[in-house]
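Here is what each chain is made of, one letter per residue.
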Amino acid sequence: MRLAVVGASGRMGCAVVRLASAEGVAVACAIAITEVGRDAGELAGIGPIGVPIADDIAGVGQMRADVVIDFSSPSATLKLAPIAAAAGCALVSGTTGLGDDGRAALRLAADRIPVLWEPNMSVGVHLLSELVARAAAALALWDVEIVETHHRAKGDAPSGTALRLAEVAQSARSAATRLVHGRHGKTGERGSGEIGIHAVRGGDIVGDHAVHLLGPGERLELVHTATSRDVFAHGALRAARWIAGRPPGRYGLQDVLALRLGPIGQ
């Protein structure tokens, strides 16, 4: 499998390059807007691999990669999707903060290539979302609050994972709910149809997500803590190996892992 990496100079891009080499996956192309000209392997700390970082995203198509892993920015993903589609290159994206235009671009690309987009490539977070769905449905009258904590350099808030967990909780409940992003001032009594989302930023925290389900006299907390970015890179590489050669369409990490929990009681 020939791999292209978009966002190759960032934390996640470097992790993907490093782990791809360890797993015997050839990196054919590395794209970024910083560190242009540097060897992607040297930047990732594994020594030269003969792949200089380029700043032209069109290189994804020119290098005939089988799969592109994208940990970049919403604007870069928007440009990347049609280029990957035109090149017939499968796309695995973990870029967060995508707007409607970015998601629409991925949907259009999926008509021509296999596309997998997940705001979090962790196996543990995928299982967390399954547990949240079950708990939110079973505890339909309990309040739901989501708290996410990340490093001080993270550029979007709330995290894509927190938004995904909120969507999961909303989908699990038959009654209408609305998202409330933080609280300030005299907000009055908490509404029963609210799902609260709170973002904390500081230090070098890789990523913590906690879903609080609060009922009368008791509460349940579902928590995932990431201590290394390698878990996300491993997940993206696993997805890349799985998606190579698949037919066009939209895929998710649940398809890669084939991990779905049965109803409570089974």
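Residues numbered from 1 in each chain as written. Predicted model: local features only at pLDDT ≥ 70, side-chain atom pairs only at ≥ 80, totals over all residues. Heavy atoms only, no water.

Engineer: Quick question: what am I supposed to make of the overall build of the protein here?
Structural biologist: Counting secondary structure elements, the protein contains 9 helices and 12 strands. The C-alpha atoms of the protein give 19 Å as radius of gyration, which agrees with the globular expectation for 266 residues (18 Å, within 12%). Counting the 266 residues in the protein, one finds 47% classified as buried. Taking the intrachain contacts of the protein between residues at least 6 apart in sequence as the baseline, contacts between residues at least 24 apart amount to 67%. Measuring between centres, the 26 positive side-chain charges of the protein sit 2 Å from its 26 negative side-chain charges. (Helix = DSSP H or I, 4+ residues; strand = E, 2+ residues; numbered from the N terminus. Rg over C-alpha atoms; globule rule 2.2 N^0.38 Å. Buried < 20%, exposed > 50% of the residue type's maximum accessible area, 1.4 Å probe, protein only. Contact = heavy atoms within 4.5 Å. Lys, Arg positive; Asp, Glu negative; His and termini not counted. Charge placed at Lys NZ, Arg CZ, Asp CG, Glu CD.)

Engineer: What should I look at first to understand the side chain of histidine 150 in this one?
Structural biologist: Inspection of the secondary structure assignment puts histidine 150 in strand β7 (residues 143-150). By relative accessible area, which is 7% here, histidine 150 ends up buried. In terms of polar contacts, histidine 150 uses its side chain to reach the side chain of glutamate 148, at 2.7 Å. If we skip the residues at most four places from it in the chain, histidine 150 touches Ser159, Val200, Arg201, Gly202, Ile205, Val206, Gly207 and His209. (Polar contact = N/O pair within 3.5 Å; in protein donor to acceptor, adjacent residues only side chain to side chain.)

Engineer: Whenever I open this one, the packing of aromatic side chains confuses me. Can you help?
Structural biologist: Note on aromatic pairs: each is described by the distance of the centres and the angle between the planes. Scanning all chains against the criterion turns up 1 aromatic pair. Ring centres of tryptophan 242 and tyrosine 251 lie 5.3 Å apart, and the angle between their planes is 75 degrees; on these two criteria the pair is classed as edge-to-face. (Phe/Tyr/Trp six-rings, centres within 6.5 Å; stacked < 30°, edge-to-face > 60°.)

Engineer: When you look at the nonpolar core in this model, what are you seeing that I'm missing?
Structural biologist: One recurring pattern in soluble globular proteins is that nonpolar side chains are buried together. Formed by 40 residues in total, the largest nonpolar core has its most connected members in Leu3, Val16, Ile69, Val92, Leu116 and Ile243. No other element matches the 8 residues that helix α8 (residues 230-243) contributes to this core. Once you skip the residues sitting within four places of it in the chain, leucine 116 turns out to touch Leu91, Val92, Ser93, Met121, Ala239, Ile243, Tyr251, Gly252, Leu253 and Val256. The next biggest cluster of nonpolar side chains, apart from the first, holds 23 residues, and it includes Ala4, Ala85, Leu98 and Ala110. (Core = buried A, V, L, I, M, F, W, Y, C linked by side-chain atoms within 4.5 Å.)

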